[in-house]
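Close look at the chain arrangement
The chain contents come next:
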Amino acid sequence: MPVAMARIASVLLPLPLPEAFDYAEPEGMNLQVGDQVVAPLGPRRWIGVVSALRDGEGHNRPLKPILERREEARLPPGTLAFLQWAARYAVEAPGLPLVMALRGARAPKPKPERLIAATGAAPSRLTPARTRVLEAALEPMPAAALATAAGVSAGVIKGLIDDGALEARLVMPPNRFDPPDPSLPGAVLNPSQAAAAKALTGMIAEGGFQVALLDGITGSGKTEVYLEAVAGVLAAEPDAQVLVLLPEIALTQAVIARFTERFGAAPAEWHSGIASPKRRRVWEAVAAGECRIVVGARSALFLPFKGLRLIVVDEEHDGSYKQEEGFIYQARDLAVARAKIEGAAVVLASATPSLESLWNAETGRYRWLRLAARHGVAVLPEVSLIDMRETPPDPGRWLSPPLVRAMAETYGRGEQSLLFLNRRGYAPLVLCRACGERMTAPDTDSWLVEHRYTGRLVCHLTGFSMPKPDKCPHCGAADSLVSIGPGVERVEEEARERFPDARIAVFSSDTIFDAEAARRMVQAMEEGQIDILVATQAAAKGHNFPDLTLVGVVDADLGLRGGDLRAAERTYQLLAQASGRAGRHDRPGRALLQTYAPEHPVMQALAAQDRDAFVAAEMAARELSGLPPFGRLAAIIASGPDAAVLEAYVRALAAATPNAPGVEVYGPADAPLGLIRGRRRKRFLVRADRSVDLQGFLAAWKARARVPSSVRVTVDVDPYSFL
Ligand code: ADP
């Protein structure tokens, strides 16, 4: 029902709509930009956010009214502006980043907890067990925790409740984050750390948007340095907030522990492993400005910070910052954009920075701070190549004789080894010896990966899985299926055969699926309870294991095979990071890289530990072909179940390509992964000069061809995957 209106409210809805919708503001609602409201669209009501308010005078089209203003926190202007910027950047509807920003606000509210507290009344009789309980019940706690603390059964606690000495209370968990204390002392920095910290704090004190690249070798103390920058920000302004982004959940516990130690209070944690009620608490506390430090995964960028002053992107080169599904974005780039909108500073930290960031540092856009040596007595590991053509492993084995010898020496000295292989499962391919059939997923162009722990064949792309069959499903031959190639489970099997007495563990997303499991594994490594750790990249980053002195890279060539734009860069970064795990503290470490292509420039650069030469060569090659960071790339991926409809659409789109100087369009071509979940896929690749408004081009182009209802079109700006 139209109502008399004083103002018109534009509302962003959490839907794939191109823009905000206009509604009438009912009399007396007193809306403000950023308010969460309930608005009708079609037959349903949605919770959206007011993005603009304007005078309704003279507006003659009747508008539906806003139904309700919600009590949840208002999105701060910086957050709202950021969401709109992010949508334009990704050539997506603003409703998509909005969904991410509201995820915490929509999470269920925390429930009251049942806590047991002492009443002060004396029990009718006292036993040693009862005394222990009363001594432990100094502050309210859950019954189970109290029983554990006092070493008694639940019955003793129930008895004391019946007796009136204890009582149960329903208590809301406090929405309180203890304030960090920046005045607590930090580590005593060595001269180069102190110089970097001084430059950072000086830069931040100037205020406003600035970016620094903290470029320091593994173990040089980058974390210690950025902790000083965080302390500076917190001390300068009582309301300042800091966001620290990490690429892996597995790293959060260690970083949170260091923050807690440095500032005397735990920062808020934000990632997919956090339970919903806690998310909601964090979301609300961030919006209210009560939570000052958030340590989290890339999605923490979408939190409603009230006074964001500093964003740290740790391991800034890491590919996990690219979100590839749903709303597609690169969190490092969005972090810089968000900081610009908020007038905040950014610290990008890495031992192997991305070419993009190095280029920005070289051209003076980012301040470049280098830490060239490990802290204290620790030195970088010695890196050598094992030529697998000269010293191959035995047939059906994956560890070459030189690597096995090095493992035996390390084990003999009571030190730890890490075997790095970036491949989950037991074997990446299963084929039939009788007919040659390769086991593939039913509706997807990918090989099924054998997992021995679960006895299943798994599609890593879609999650499809099936029990490993006894017979070949194609020709029916029995016992003919053979496992080809190694994954971490198979390397573990070989390590166990060779070192039957060693304590061996596997660290991959199949064995470590949450932050707590990661913390336990890291602790076991730190305490020396593991002799040989077989790991994917989940363990190859960031950690400091004092007794780890040998890193063996099982297949150094693995990442080079795909041959996409970043293959060399990524392989260099990953292997330099993995090698960098060896030899902290006072023991020198070494890294052995098994390769069939020791002459490859990436392997040569790794062995010589000459990052600068590698970067210079890679930059020159990119510049020659106008690839990032010297030009810009985007992909358009169209998919659909019906090949003919899809083909007609991509042809129409190709015919509608706008003619723009400085832009080249390649395709349409069948995607290398031509079929995923029964949908066929076609790709276009767009290369543009840096001066071109690539997003404007893409948006205009996409709008020129009608998309059939069965076809899905995805724009991937700055693609990392070319499949
Ligand atoms: P990076 O992040 O560069 O790999 P970290 O900050 O994790 O390096 O430091 C590596 C190790 O050296 C950590 O165990 C850290 O506590 C220690 N360390 C670094 N700098 C100092 C310092 N100034 N005083 C004491 N310990 C330090």
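Shown above is the structure to which this text applies.
A few points on the structure. (Residues numbered from 1 in each chain as written. Predicted model: local features only at pLDDT ≥ 70, side-chain atom pairs only at ≥ 80, totals over all residues. Heavy atoms only, no water.)

Below, the discussion takes up the overall build of the protein chain. Looking only at helices and strands, the protein chain has 20 helices and 31 strands in total. Taken over C-alpha atoms, the radius of gyration comes to 29 Å for the protein chain, in line with the 27 Å a tight globule of 723 residues would show. The principal-axis extent of the C-alpha atoms belonging to the protein chain is close to 90 × 85 × 65 Å. For the protein chain, restricting intrachain contacts to residue pairs at least 6 apart in sequence, the fraction spanning at least 24 positions comes to 75%. Looking at the protein chain as shown, the accessible area adds up to about 31,200 Å², and 54% of this sits on carbon and sulfur atoms. Looking at charge distribution, the protein chain has the averaged site of its 83 positive side-chain charges lying 4 Å from that of its 83 negative ones. (Helix = DSSP H or I, 4+ residues; strand = E, 2+ residues; numbered from the N terminus. Rg over C-alpha atoms; globule rule 2.2 N^0.38 Å. Contact = heavy atoms within 4.5 Å. Areas by Shrake-Rupley, 256 points an atom, 1.4 Å probe, with all protein chains shown as cover. Lys, Arg positive; Asp, Glu negative; His and termini not counted. Charge placed at Lys NZ, Arg CZ, Asp CG, Glu CD.)

Turning to the site of the ligand, a few remarks are in order. Taken together, 16 residues surround the ligand, and among them V188, Q193, G219, K222 and R258 come closest. One of the side-chain nitrogen or oxygen atoms of R258 is found 2.8 Å away from an oxygen atom of the ligand. The side chain of H375 places a nitrogen or oxygen atom 3.3 Å from a nitrogen atom of the ligand. Contact with the protein chains hides 77% of the accessible area of the ligand, taken as 550 Å² for the molecule alone. Looking at the shell around the ligand, the element that brings in the most residues is helix α7 (residues 222-236), giving 3 residues. Of the residues that constitute the shell around the ligand, the class distribution is 4 nonpolar, 8 polar and 4 charged. (Near = heavy atom within 4 Å. Polar contact = N/O pair within 3.5 Å; in protein donor to acceptor, adjacent residues only side chain to side chain. Nonpolar A, V, L, I, M, F, W, Y, C, P; charged D, E, K, R; others polar.)

In this section: empty space enclosed by the protein. Scanning the entire structure with this criterion turns up 1 cavity of 30 Å³ or more. Volume-wise, the largest cavity comes out at about 40 Å³. Forming the walls of the largest cavity are T352, P353, L355, E569, Y572, Q573, R611, F614 and V615. Listed by contribution, the elements that provide at least two residues to the lining of the largest cavity are α16 (567-579) and α18 (611-625). (1 Å grid on protein atoms, 1.4 Å probe; cavity = no way out; pocket = protein on both sides within 12 Å on 5 of 7 lines; lining within 4 Å. Points joined across faces, edges and corners; volume = space filled by probe spheres on them.)

Let us now look at the environment of A648. Considering the arrangement of structural elements, one finds A648 in helix α19 (residues 643-655). Residues A648 and P708 lie 60 residues apart in sequence; the distance between their C-alpha atoms is 9.5 Å.

Further remarks concern the sheet that holds strand β25 (residues 532-535). Reading across from one edge, β17-β27-β26-β18-β25-β24 is the order of the 6 strands in this open sheet, with parallel pairing throughout. The strands lining the two open edges of the sheet, one partner per strand, are β17 (382-387) and β24 (504-507). Direction aside, the axes of adjacent strands within the sheet are offset by 20° on average. In the sheet, strand β18 (residues 416-420) pairs with β25 via 4 bridges, with the strands oriented parallel. Its bridge partner lying in β25, L418 is registered against L533. (Pairing = 2+ DSSP bridges. Axes fitted to C-alpha atoms, helices over the stretch in contact; angles between N-to-C directions.)

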